[in-house]
Amino acid sequence: MRYEWKKLLAQVQICLLLLGVLVGNGIWFFLRCSQDLGGYTMAQIRQVYAAPDTLEADIALLEDPTAAPPLRYTQRPWAELALLTAARDRIAAARDYDAFRQGLVDDAALKERLGLLGPADSFEARSLKRGQAAYEALVGVTPEPVFQGGMEVLLTDRGMDLALGVAVLAGALVLTTLERRSGGMVLSRPTRRGRAALFCRKWAVLACLTGAVWATLLLTDLAVAAGTLGLGAWTQPIQGVYGFEACPAPLSVGGYFAIYVLWKLLWALSWAGICLAAGCATGSPILAVLVLAAMLGGAWCAGESGDLWLRVFSLTRLARLEELAQSAAYLNWMGTPISRPWTALAVLAGMGILSTLTGLGLFCLLPAVPRKAQWPLPLLRGPRHTNLFLWEGRKLFRTQRAALLLLFLALTQVASYGPRRAENTEYGYFYRMYSQILAGDPSPEKDAYLTAEAARLEELTRAFAAAPWDTELYGQLAAEQPFREAQEQYRALKPGQRYLDQTLYRAYFGPEGLRDGLWDLGKVFFVLSLALAGLYPAERESAMTLQLTASGQTRRVRRYKTLWTGILALLIWAVGTLPRLLWAVWTYGPPDLLAQAGAIEGFAWLPGFVSVLALLLSTQLAGLTLTVLAAWIVTFFSRPASTQVPALLLALTVTELPILLLAWWIG
Amino acid sequence: MELCFEGLVKNYGKKQALKGIDLTLTPGIYGLLGPNGAGKSTLMNILTGNLEQTRGQITFDGRDIRTLGPAFRGRLGYCPQQPAFYPTFTADEFLFYMASLHGMDRKAAETRISWALELLSLARVRHEPIGGFSGGMKQRLLIAAALIHDPDILVLDEPTAGLDPEQRIAVRNLIGRVALNKIVILSTHVVPDVEFIAKELILLDRGQVLCRQTPEALLKAMAGQVWSLTVDEDQVEAAQSLGQVCGIARAGDQVAIRLLTPTPPKGAVEAAPTLDDVYLRFFGPEAGL
């Protein structure tokens, strides 16, 4: 095993990456512990716990508009109220736990009595009964209102999963792909211990690395939690931790934490097995990361579905132990309710074992010497020219697989936006109807229409008040709120502004749209990293630097590589970000390009000369600039790297981390 | 045309890989002989620009090659010792890529590439990916890459490594043919590679030029140094102590030992020296390890 450790730790950049991951996780967790939760922080909630006697009185004073607001913890009344309410909810959740638990039991009994879930032998009825029994068994569990904020944050943190995932991935890629690419497998394969025994040594090293990284991450987070929020009382029932009130298991905080530690370790080991299998199967770090990304994408989709079975098979979802612990939901196994946590455990362990065995099989059976590729079709034969610029492009798009990655991105975006449909709500329907009438420059006819329509709706309101059972009137009055919105929007137009149907702009610039845009940028950076990380290491790995230097064309080759990097960045940006705009325009109609952008919701601050076209172009330009910057960062790591793996992992970490942080911040 | 190495020194930290090389080369084939670590590859890497010298300079027709830059590189053809190509490229694509690096136009490249592939028996596999080539095919491809732009200076680092005897002879003859009016520096451990074609042999050891002579002169200097002694099997060990052993072969029931010694051993017959004997005389038996 010593030599496998040496192979891993000899990669200085990988060691630096691991160190960065550990430090970054500590910083991230500290930020989470001190995160603004809506005008207040968890530490302030802890302060409130220290003085609970004045809580109710202070809330009453804050809610009284005539009283002077007591500001003990924050500087703003609304923040103070939010803080005290949050603290009260947590204290009440613990103090009133028994009533809450009994409420769940009674609710289940009532549903059973009323037969709301079908016959007694149906899955729904049986799972309800099992849940009821689980909660009934918790009689006597009495959590005390002790501040458990540290554990609340720790047990729901996602940063550790990401840090652990990256560290394990780095180790797996080094132990599998580097060896194959350097030709080391040709030497080890014919030896006595060069197959299964060698793979087991690699697995053991990766498992040790996983354990060591996990332990370090956990201890770091515990230290940060202890220093900022405290670790609470571990002998208290887990039901005393906010968010875990509905946990059906009779566990203490310490007991749950122990399960959490082991669960995460098992999850990380399963991930390690999957990464090893991917590395053994592909032999290329780029392909391995691509395969893993596709797999994680599928896992994420499964995890977001409403089907509990799909979610239990999602590796990304399985990282969230708290979801299994926060309710008494059961899986339907041929009509029989089965435990979700135990099933998830079996699935996770099965994934780990299966992936490890798959990796073992691939490692032992796949040839150490790459299969001789045939290129029989004359039409697909390579170009015959002496244009160095075009050759550098060929190297990038074929040898570095940039073309394949572009195709992958295109298919991903088609899958993301192709099936999407417009939001069809009644409100939206009426709003669009009014917007169609009011679209464009204000006019006396539109003013008259608004007056007439307002009068008509008022009449309807009076009629409905007199006949509240009239469903037709009720249906017609659904237009009232959308009309009010359209009317206010029309009246708020400044001179020179046109009325714009906000639907398209909300879809594109609204919170959901911004989040989609952020994820698109994340996909763009991901593909850029995969395509460009090997740009310079490939020359070293193939020893072509000797030929390039001897030819005296190194600078020219570098210049051309830079040009192609820019072209690729442009292509990836276009494929990655334009589908969202195209989808929005296709779904909601084209924008009024010449209208003032200040008429768009959220952009009232823009000066009058900025058109919608200018706004759209600016946002596209901003995205393109960020993409070019990301490309520069990737080539910055690629240039000095002698192998692809560290360049790839560093590039991915640096470019994707801001995306993840922003996504978390947006919420 | 003249290539001069003037006081060339290369240090790796405290280790001096080249200790002041002074050489003047004119058109012809020069065999660069020396054991591992002699400085052959260092010398070649400095000439090809893959390494920077610590002191000294290399001039071509009186001008420093660093000043000449692309003008010199365009006249240099290099066949490295280690495989240096893109495995996913076909042979054809790789040579066109190399042609583009040398600034050749398409028509000239097509002609020269076809010529080189025919010459090195690679025409049948020109459209196959290099990653699937045998070791010998890869080596021949590297030689082809060094020749396509008709360079004036050819630097060949172990060009026959991995080739079978027939291919070795073919490459040797090829070098002999194309070396007309070129300066060819051929680094090798296989003495027969240069024995018949080299104008001069440059013997390099521990960063210094030990000797620079024609093969004939070197062999002449070995007169009276190489002896052949035939002994019984049980006397072999004793016989080996009489001088440096150049070779041992079976001669019926006895063993013929070839010895390198200025003092003729009793019963020994003078043998015609070969360049292998020259190599052993200068570099000793440890040079082979």
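Going along each chain's sequence as written, the residues are numbered from 1 onward. Chain A is the first chain written and ligand 1 is the first ligand written, with later ones labelled in order. In keeping with the predicted nature of the model, local features appear solely for residues at pLDDT of at least 70, side-chain atom pairs appear and are counted solely at 80 or more, and the whole-chain, interface and lining totals rest on all residues. The basis for the side-chain values is all heavy atoms of the structure; hydrogens and waters are excluded.

### What to know about the overall build of chain B
And then number 1: Each helix and strand counted, chain B has 11 helices and 14 strands in total.
And then number 2: If you line up chain B on its principal axes, its C-alpha atoms span 65 × 45 × 35 Å.
And then number 3: Contact between two residues is taken to exist if any of their heavy atoms lie within 4.5 Å; hydrogens are not considered. Restricting the contact set of chain B to residue pairs at least 6 apart, pairs at least 24 apart contribute 67%.
And then number 4: Only carbon and sulfur atoms are counted for the fraction: they give 50% of the accessible area of chain B, which is about 12,500 Å².
And then number 5: Between the centroid of the 29 positive side chains of chain B and the centroid of its 32 negative side chains there is a distance of 6 Å. Helix and strand assignments come from DSSP, with helices taken as H or I runs of at least 4 residues and strands as E runs of at least 2, each series counted from the N terminus. Exposure was quantified through the Shrake-Rupley algorithm and a 1.4 Å probe, taking into account, for residues, occlusion by the shown protein chains and nothing else. Working convention for charge: Lys and Arg count positive, Asp and Glu count negative, and His plus the chain ends are omitted. The location of each charge is read from NZ of Lys, CZ of Arg, CG of Asp or CD of Glu.

### Comments concerning the pairing of strand β1 (residues 330-333) of chain A
And then number 1: In short, DSSP must find at least two bridges between two strands for them to pair. In this structure, β1(A) lies alongside strand β2 (residues 336-339) of chain A, joined through four bridges in antiparallel fashion. Of the residues in β2(A), the one forming a bridge with W333(A) is T336(A).

### What to know about the nonpolar core
And then number 1: Residues belong to one nonpolar core when they are buried, are Ala, Val, Leu, Ile, Met, Phe, Trp, Tyr or Cys, and are joined through side-chain atoms within 4.5 Å. For every residue, the accessible area obtained with a 1.4 Å probe (protein chains only) is divided by the maximum for its type, and the residue is called buried under 20%, exposed over 50%, and partly exposed between those limits. Core analysis: the biggest nonpolar cluster contains 126 residues, and I45(A), Y260(A) and L568(A) have the highest contact counts within it.
And then number 2: Sequence-distant contacts of I45(A), that is, excluding residues within four places in its chain, are made with L37(A), Y40(A), L83(A), A86(A), A87(A), R90(A) and F147(A).
And then number 3: In terms of nonpolar packing, the next biggest core, distinct from the first, is built from 97 residues, M44(B), C79(B), A144(B) and I153(B) among them.

### Examining the sheet that holds strand β10 (residues 208-213) of chain B
Residue and element names in this part refer to chain B.
And then number 1: Strand order across the open sheet formed by six strands is β6-β7-β8-β3-β9-β10, with mixed pairing between neighbours. Two strands bound the open sheet, and with one partner strand each, they are β6 (76-79) and β10. For this sheet, the mean angle separating the axes of adjacent strands, direction not counted, is 15 degrees.
And then number 2: With four bridges joining them, β6 and strand β7 (residues 153-157) adopt parallel strand pairing. Following the sheet pairing, C79 is matched in β7 by L156.
And then number 3: Here helix α6 (residues 135-147) sits on the sheet and contacts β6 and β7; the angle it forms with β6, its principal contact strand, is near 175 degrees. Note on method: axes are straight lines fitted to C-alpha atoms, helices fitted across the in-contact stretch only, with angles between N-to-C directions ranging 0 to 180 degrees.

### A word on the confidence of the model for chain A
And then number 1: Put simply, chain A has an average pLDDT of 88, and 96% of its residues get 70 or more.
And then number 2: Taken as a whole, residues 373-377 of chain A scores under 50 in pLDDT and shows 10 contacts with residues more than four places along the chain or in a different chain. What pLDDT expresses is the predictor's confidence in each residue, scored from 0 to 100.

### Quick look at the pattern of salt bridges
Residue and element names in this part refer to chain A.
And then number 1: Think of a salt bridge as a Lys or Arg side-chain nitrogen and an Asp or Glu carboxyl oxygen that are within 4 Å of each other. Tallied over the entire structure, the rule returns 47 salt bridges over all chains.
And then number 2: A salt bridge links E56 to R88, with the nearest nitrogen and oxygen atoms 3.6 Å apart. Of the two residues, E56 sits in helix α4 (residues 55-63) while R88 sits in helix α5 (residues 77-95), which places them 32 residues apart along the sequence.
And then number 3: Accessibility expressed as a relative area gives 25% for R88, which makes it partly exposed.
And then number 4: Residue E112 is joined to K129 by a salt bridge in which the shortest nitrogen-to-oxygen separation is 3.2 Å. With E112 in helix α6 (residues 97-114) and K129 in helix α7 (residues 123-136), this pair connects stretches of sequence that are 17 residues apart.
And then number 5: Overall, the relative accessible area of 38% leaves E112 in the partly exposed class.
And then number 6: We classify K129 as partly exposed; its relative accessible area is 47%.
And then number 7: Shared partners join several salt bridges into a network, and the residues in it are E304, R311, R317, R320 and E323.

### Digging into the domain arrangement of chain B
And then number 1: With domains assigned, chain B is organised as domain 1 (3-219) and domain 2 (224-272).
And then number 2: Between the C-alpha centres of domain 1 of chain B and domain 2 of chain B the distance comes to 38 Å. Segment limits for the domains were obtained from an automatic or database-derived domain assignment.

### Some details on the interface of chain A and chain B
And then number 1: On the chain B side, the residues contacting the 33 residues of chain A number 37 residues.
And then number 2: Here the quantity called buried area is the accessible surface, traced with a 1.4 Å probe, that two parts lose on coming together, added over both. A buried area of about 3,000 Å², summed over both sides, lies between chain A and chain B, and 59% of it is on carbon and sulfur atoms.
And then number 3: Looking at the side of chain A facing chain B, the largest losses of area belong to R384(A), T386(A) and Q547(A), adding up to 25% of the total buried there.
And then number 4: In this structure, the connection of chain A to chain B is made through four salt bridges.
And then number 5: Residues R394(A) and E93(B) are paired through a salt bridge, measuring 2.7 Å at the closest nitrogen-oxygen approach.
And then number 6: In protein, a polar contact means a hydrogen-donor-capable atom and an acceptor-capable atom, both N or O and within 3.5 Å, with residues adjacent in sequence counting only if both atoms are side-chain atoms; elsewhere, any N or O pair within 3.5 Å suffices. Counting across the interface, chain A meets chain B through 13 residue pairs in polar contact (both at pLDDT 80 or more).
And then number 7: Those elements giving two or more residues to the side of chain A that touches chain B turn out to be α18 (388-399), α27 (544-551) and α28 (554-588) of chain A.
And then number 8: Among the elements that line the side of chain A that touches chain B, the one with the most residues is α27(A), at eight residues.
And then number 9: Grouping the constituent residues of the side of chain A that touches chain B by class yields 11 nonpolar, 13 polar and nine charged. Polar here means any residue outside two lists: the nonpolar Ala, Val, Leu, Ile, Met, Phe, Trp, Tyr, Cys and Pro, and the charged Asp, Glu, Lys and Arg; Gly therefore counts as polar.

### Looking at the state of the cysteines
And then number 1: The criterion for a disulfide is a pair of cysteine sulfur atoms lying within 2.5 Å. One pass over the full model with this rule turns up zero disulfides over all chains.
And then number 2: Here C200(A) stays unpaired: no disulfide links it, and the sulfur of C364(A), its closest cysteine neighbor, is 8.0 Å away.

### Overview of helix α2 (residues 12-33) of chain A
And then number 1: The length a helix should cover is 1.5 Å for every residue beyond the first. Compared with the 32 Å implied by 1.5 Å per residue over 22 residues, the 32 Å span of α2(A) between its first and last C-alpha is a close match.
And then number 2: Every buried residue belonging to α2(A) is among I14(A), L17(A), L18(A), V21(A), N25(A), G26(A), W28(A), F29(A), R32(A) and C33(A), and all of these are buried.

### With respect to the sheet that holds strand β14 (residues 269-270) of chain B
Residue and element names in this part refer to chain B.
And then number 1: Taken in spatial order, the four strands line up as β12-β13-β11-β14 in an open sheet, and their pairing is antiparallel. Looking at strand neighbours, the two that pair on one side only are β12 (244-251) and β14, the edges of this open sheet.
And then number 2: Examined bridge by bridge, strand β11 (residues 226-231) and β14 share two bridges and lie antiparallel to one another. When the bridges of β14 are listed, W227 appears paired with E270.

### Let's talk about α6(B)
Note: α-helices contain 3.6 residues per turn, so residues at a spacing of three or four share the same orientation.
Residue and element names in this part refer to chain B.
And then number 1: With 13 residues, α6 should reach 18 Å at 1.5 Å per residue; the first-to-last C-alpha distance of 19 Å fits that figure.
And then number 2: Summarising burial for α6: 11 of the 13 residues are buried, a large majority.
And then number 3: Those residues of α6 lying buried are G136, M137, Q139, R140, L141, L142, I143, A144, A145, A146 and L147.

### Comments concerning the packing of aromatic side chains
And then number 1: Pairing of aromatic rings covers Phe, Tyr and Trp, the last through its six-membered ring, and needs centres within 6.5 Å; plane angles under 30 degrees mean stacked, over 60 mean edge-to-face, and all others mean tilted. Counted under the stated rule, the structure contains 30 aromatic pairs over all chains.
And then number 2: An angle of 85 degrees between the planes, with centres 5.0 Å apart, marks the rings of Y508(A) and F509(A) as edge-to-face.
And then number 3: Classification of Y508(A) by relative accessible area gives buried; the value is 7%.
And then number 4: Their ring planes at 65 degrees and their centres at 5.6 Å tell us that Y86(B) and Y97(B) sit as a pair that is edge-to-face. Taken together, the residues Y86(B) in the loop between β6 and α4 (91-101) and Y97(B) in helix α4 connect sequence positions 11 residues apart.
And then number 5: Residue classification places Y86(B) among the buried residues on the basis of a relative accessible area of 3%.
And then number 6: According to the relative accessible area criterion, Y97(B) is buried, its value standing at 0%.
And then number 7: An aromatic cluster is built from W214(A), W234(A), F257(A) and Y260(A), whose rings are joined through pairwise contacts.
And then number 8: Only Lys NZ and Arg CZ are tested; either one counts as a charge over a ring when it is within 6 Å of the ring centre and within 35 degrees of the ring normal. Taking NZ or CZ as reference, R506(A) lies 5.1 Å from the ring centre of Y431(A), over its face.
And then number 9: Residue placement shows R580(A) over the ring face of Y508(A); its charged tip is 4.0 Å from the ring centre.

### Considerations on the environment of T59(B)
Residues and elements named next belong to chain B.
And then number 1: In this fold, T59 is placed in strand β4 (residues 55-60).
And then number 2: When the C-alpha positions of T59 and E6 are compared, they lie 7.8 Å apart, and in sequence the two are 53 residues distant.
And then number 3: Other than its neighbours up to four places away in sequence, T59 contacts E2, L3, C4, E6, D64 and I65.

### Some points on the side chain of S355(A)
All names here are of chain A.
And then number 1: Locating S355 in the fold gives a position in helix α17 (residues 340-365).
And then number 2: Residue S355 is classed as buried on the basis of its relative accessible area, which comes to 8%.
And then number 3: In contact with S355, other than residues within four places in its own chain, are S270, G273, I274 and A277.

### Concerning the packing of helix α24 (residues 502-509) of chain A against helix α25 (residues 511-532) of chain A
The packing of two helices is summarised by the inter-axis angle and the distance between the axes.
Residue and element names in this part refer to chain A.
And then number 1: Look at α24 against α25: their axes get within 4 Å of each other, and the N-to-C directions meet at 40 degrees. Our classification of the angle between α24 and α25 gives oblique. On the side of α24, the interface is formed by A507, Y508 and F509, while α25 contributes P511, G513 and L514.
And then number 2: For the contact of α24 with α25, the residue count by class is five nonpolar, one polar and no charged. Each angle gets one of four labels, with under 35 degrees taken as roughly parallel, over 145 as roughly antiparallel, 65 to 115 as roughly perpendicular, and the rest as oblique.

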